[in-house]
Amino acid sequence: MASAGKEPSASHDPLKTYREKRRFNRTPEPSGDVVAATGGHSFVIQMHAARRLHYDFRLELDGVLLSWAVPRGPSLKPGERRLAARTEDHPLEHADFEGIIPEGEYGGGTVVVWDRGTWEPDSDPHDGLKQGRLTFRLDGEKLHGRWHLVRTRGDGKGEPWLLFKSRDEAASDTVDIVAARPESVLTGRTLEEVGEAKDRVWHSNRPADDTVSKRTQ
Ligand code: MN
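Residues numbered from 1 in each chain as written. Predicted model: local features only at pLDDT ≥ 70, side-chain atom pairs only at ≥ 80, totals over all residues. Heavy atoms only, no water.

## Observations concerning the nonpolar core
Note on soluble globular proteins: their nonpolar side chains tend to be buried together. By size, the foremost hydrophobic cluster in this structure holds 28 residues, and its most contacted members are Phe57, Leu59, Trp68, Phe136, Leu138 and Leu149. With four residues, the top contributor of residues to this core is strand β4 (residues 53–61). Contacts of Leu59, omitting those with residues within four sequence positions, involve Ser42, Phe43, Val64, Leu65, Leu66, Trp68, Trp119, Leu134, Phe136, Leu138 and Leu149. By size, the runner-up hydrophobic cluster in this structure holds six residues, among which are Val44, Leu65, Val113 and Val185. (Core = buried A, V, L, I, M, F, W, Y, C linked by side-chain atoms within 4.5 Å. Buried < 20%, exposed > 50% of the residue type's maximum accessible area, 1.4 Å probe, protein only. Helix = DSSP H or I, 4+ residues; strand = E, 2+ residues; numbered from the N terminus. Contact = heavy atoms within 4.5 Å.)

This is the structure we're talking about:
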């Protein structure tokens, strides 16, 4: 176990909420059993056609993906602030998830890996998280340059942050990046193509047991 990562402890398990929200015998998403032992700085943005379309913006920190749901997606226009609601930390393996979460399950709908790459915080991201202000560079396939995430109030999860671009060489006042580049960076497919690919629907051979409650007790 130690070689693969650290087992989440009862006192601080960053993926507890993630697991509690999902039934892993029904959703194809990864179960997040192990918090990865890594100091990596990957990022991923997943376009997610749930009840409402949104973009899940995720930054790797301490072996999990810090997550925000951005209804309108990122904007390259400097200062154009996009609401980003903090959501539960996700397991690193989730960065590879593209497919269909069945209807009726948490987050039911189609997921496309819209962008991914690495992020580089300007200063200690732990301090930034506490203070509600993260400034960082993205080196993805679609997004580049310096970005900001700023909490507008409160200090807990589910609180509103704002995502916006610095003015730099990667900024644009004219390009609507979410409209111009809707495709998956993993497969080149659109949301519609992923949604129609029935092979991506995950069929369970496992019994419908209470995996989730056992795991979290
Ligand atoms: Mn989502």
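Next comes the rest of the description.
## Description of the pairing of strand β11 (residues 160–165)
Along β11, five of the six residues are buried, which leaves the element largely enclosed by surrounding structure. Relative to β11, strand β6 (residues 82–91) runs antiparallel, the two being bridged by four bridges. Looking at β11, one finds that Ala85 is bridged to Pro160. Note that strand β10 (residues 144–151) and β11 share five bridges and pair antiparallel. Across the sheet, Leu149 pairs through a bridge with Leu163, a residue of β11. (Pairing = 2+ DSSP bridges.)

## Regarding the environment of Gly39
By secondary structure assignment, the location of Gly39 is in the loop between β2 (35–36) and β3 (42–49). Sequence separation between Gly39 and Gly63 is 24 residues; the distance between their C-alpha atoms is 6.9 Å.

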